[in-house]
Amino acid sequence: MASGLHSSRGARRPPRRSRRPPPARRRARQNQRSDLSARTLAALPAIAVALFLVIEGGAVFALGLFALGCVCMHELYAMYDRAHPVRLAGFLALAGLLVAALYGDQFQVLLVAVAALPVLFALTLSQRRPSVGGMAVTLLGIYWVGFALAHAVLLRGLPHGGGIVIDVLVGTFLGDTGAYLGGRMFGRRPLARNISPRKTVEGLVIGMACAVFGVWIAGRYQDWLPGTHALVLGLGVALVAPVGDLFESFIKREAGAKDSGSLFGAHGGALDRLDAVLFAAVVGYYIWSAYVHV
């Protein structure tokens, strides 16, 4: 008995389980925090430039969008360089669309878009290896990037257009951030596995809620923007911004590219940062234009 008691008292207790998460999980959290910090730092200069251009408006805004649009088109045409896109035609069409939007209206923008096709054909024939594929990729840049930025100029020219442009940007970027964080924390069901495996349904829902809430909150500081108008605008941004994101992901996947470029270092190129904005700016223009002309 004594030996039994002695052995039970002297027996070593099993070690207590540590409450700290496993090293792999801790590293994942640290990587997530560092990635978010890097995203924020990379976004700060872009936000400052965007605010300057929007506040200035007019020719300064159009020139800034032309420079940004040229970068976006360059990234697209570089991804599909094997198709031999006609870069000059794309840049000329972009300039024409922005000038038409700045000094004209939708009719002039349509005229430039129609005129872009024969100009593209003429420049295609002057190339070494003219191809229908090259014309198709060139037109993709014109209608995807050029039309979107032209609508941004048209939106800026409407009454209170500067404020609405800022609201669209706020909703788009908050929605993107909400989708990223929501997908990381709660994402379980893939949204579009064949296009972008990391995007989830949960991230989409959280991102859309953040976009609507962000536009609505921004509207609280604009006494000329009714709350219902802000909610409709936010809903429009929330619906189309994820489509723009998926659209660019599909373009990259078909091209076999991870990022569209390296303008923002490890966080990709201009198209990677503006894919959602290119869709949201168009919808923002038509929603606000409908309210203005009621």
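Residues numbered from 1 in each chain as written. Predicted model: local features only at pLDDT ≥ 70, side-chain atom pairs only at ≥ 80, totals over all residues. Heavy atoms only, no water.

Engineer: What is the right way to read the overall build of the protein from this model?
Structural biologist: A tally of helices and strands in the protein yields ten helices and two strands. Reading the helices (α) and strands (β) of the protein from amino to carboxyl end gives α-α-α-α-α-α-α-β-β-α-α-α. Within the protein, the fraction of its 294 residues that count as buried is 39%. A separation of at least 24 residues holds for 72% of the contacts in the protein among residues at least 6 apart in sequence. (Helix = DSSP H or I, 4+ residues; strand = E, 2+ residues; numbered from the N terminus. Buried < 20%, exposed > 50% of the residue type's maximum accessible area, 1.4 Å probe, protein only. Contact = heavy atoms within 4.5 Å.)

Engineer: What's the story with the environment of Ala211 in this structure? I'm lost.
Structural biologist: Tracing the chain through its elements places Ala211 in helix H8 (residues 201-219). Excluding its chain neighbours within four sequence positions, the residues that come into contact with Ala211 are Gly171, Gly175, Gly234 and Ala238.

Engineer: Where do I start with the packing of helix H3 (residues 58-79) against helix H4 (residues 87-103) in this structure?
Structural biologist: Geometry of a packed helix pair, given as the angle between the helix axes and the separation of the axes. As a packed pair, H3 and H4 sit with axes 10 Å apart at the nearest point and diverge in direction by 155 degrees. Put simply, H3 runs roughly antiparallel to H4. For H3 against H4, the interelement crossing comes out right-handed. Contact with H3, carried on its side by Gly58, Ala59, Ala62, Leu65, Phe66, Gly69, Cys70, Met73, His74, Tyr77 and Ala78, involves Arg87, Gly90, Phe91, Leu94, Ala95, Leu98 and Leu102 of H4 and no other residues of that element. Classifying every residue of the contact of H3 with H4 by side-chain character gives 13 nonpolar, four polar and one charged. (Axes fitted to C-alpha atoms, helices over the stretch in contact; angles between N-to-C directions. Parallel < 35°, antiparallel > 145°, perpendicular 65-115°, else oblique. Left-handed = near helix turned anticlockwise from the far one by under 90°. Nonpolar A, V, L, I, M, F, W, Y, C, P; charged D, E, K, R; others polar.)

Engineer: Hey, could you run me through the packing of aromatic side chains in this one?
Structural biologist: Centre distance and the angle of the planes are the two values used to describe a pair of aromatic rings. On inspection of all chains with the given rule, the structure shows seven aromatic pairs. Taking the centre distance of 5.1 Å and the plane angle of 45 degrees together, the rings of Tyr143 and Phe147 count as tilted. Of the two residues, Tyr143 and Phe147 are both situated in helix H6 (residues 132-156); the distance of four residues between them amounts to about one turn of the helix. By relative accessible area, Tyr143 is classed as partly exposed at 38%. Between Tyr285 and Tyr286, the ring centres sit 5.0 Å apart and the planes meet at 70 degrees, which makes this aromatic pair edge-to-face. On the basis of relative accessible area, Tyr286 is assigned to the partly exposed category, the value being 43%. Ring pairing ties together the aromatic residues Trp144, Phe247 and Phe279, which thus form one cluster. (Phe/Tyr/Trp six-rings, centres within 6.5 Å; stacked < 30°, edge-to-face > 60°.)

Engineer: Just checking my understanding: could you explain a nonpolar patch on the surface for this structure?
Structural biologist: A cluster of nonpolar side chains, Leu41, Leu44, Ile47, Leu51 and Ile55, forms an exposed patch at the surface whose accessible area comes to about 490 Å². Note on placement: Leu41 falls in helix H2 (residues 23-56). Classification of Leu41 by relative accessible area gives exposed; the value is 60%. (Patch = residues over 30% accessible without salt bridge, like charges linked within 9 Å, V, L, I, M, F, W, Y side chains within 5 Å. Areas by Shrake-Rupley, 256 points an atom, 1.4 Å probe, with all protein chains shown as cover. Salt bridge = Lys/Arg side-chain N within 4 Å of Asp/Glu carboxyl O.)

Engineer: So what exactly am I meant to see when it comes to the packing of helix H7 (residues 161-186) against helix H10 (residues 270-292) here?
Structural biologist: Two numbers describe how H7 lies on H10: the axes approach to 9 Å, and their chain directions differ by 135 degrees. In this view, H7 runs oblique relative to H10, as classed from their interaxial angle. Relative to H10, H7 is oriented so that their crossing is right-handed. Residue-level inspection shows Ile164, Val168, Leu169, Thr172 and Phe173 of H7 in contact with H10, the latter providing Arg273, Ala276, Val277, Ala280, Ala281, Gly284 and Trp288.

Engineer: For this particular structure, what's the right way to read the pattern of salt bridges?
Structural biologist: Side-chain pairs of opposite charge can arise whenever the charged atoms involved come near each other. Evaluated as defined, the whole model comprises six salt bridges. Two residues, Lys199 and Asp245, come together in a salt bridge whose shortest N-O distance is 3.7 Å. Pair noted here: Lys199 is in strand E2 (residues 196-200) and Asp245 is in helix H9 (residues 227-255), with a separation of 46 residues, a long-range link. Here Lys199 falls in the partly exposed class, since its relative accessible area comes to 21%. Between Lys258 and Asp259 there is a salt bridge, with its nearest N and O atoms 3.8 Å apart. Given the relative accessible area of 29%, Asp259 is considered partly exposed. Through salt bridges with shared partners, a single network forms among Glu248, Lys252 and Asp272.

Engineer: Explanation requested: the layout of surface pockets in the structure shown.
Structural biologist: Rolled over the atoms, a probe with the dimensions of a water molecule shows which regions are left empty. The computed volume of the second largest pocket comes to approximately 170 Å³. Considering the residues around the second largest pocket, the lining is formed by 15 residues, among which Ala101, Val153, Leu154, Gly157 and Leu158 are closest to the centre. It is H6 that contributes the most residues to the lining of the second largest pocket, three residues altogether. Residue composition of the lining of the second largest pocket, by class: seven nonpolar, six polar and two charged. (1 Å grid on protein atoms, 1.4 Å probe; cavity = no way out; pocket = protein on both sides within 12 Å on 5 of 7 lines; lining within 4 Å. Points joined across faces, edges and corners; volume = space filled by probe spheres on them.)

The quantities given are spatial measurements derived from coordinates; they are silent on function.
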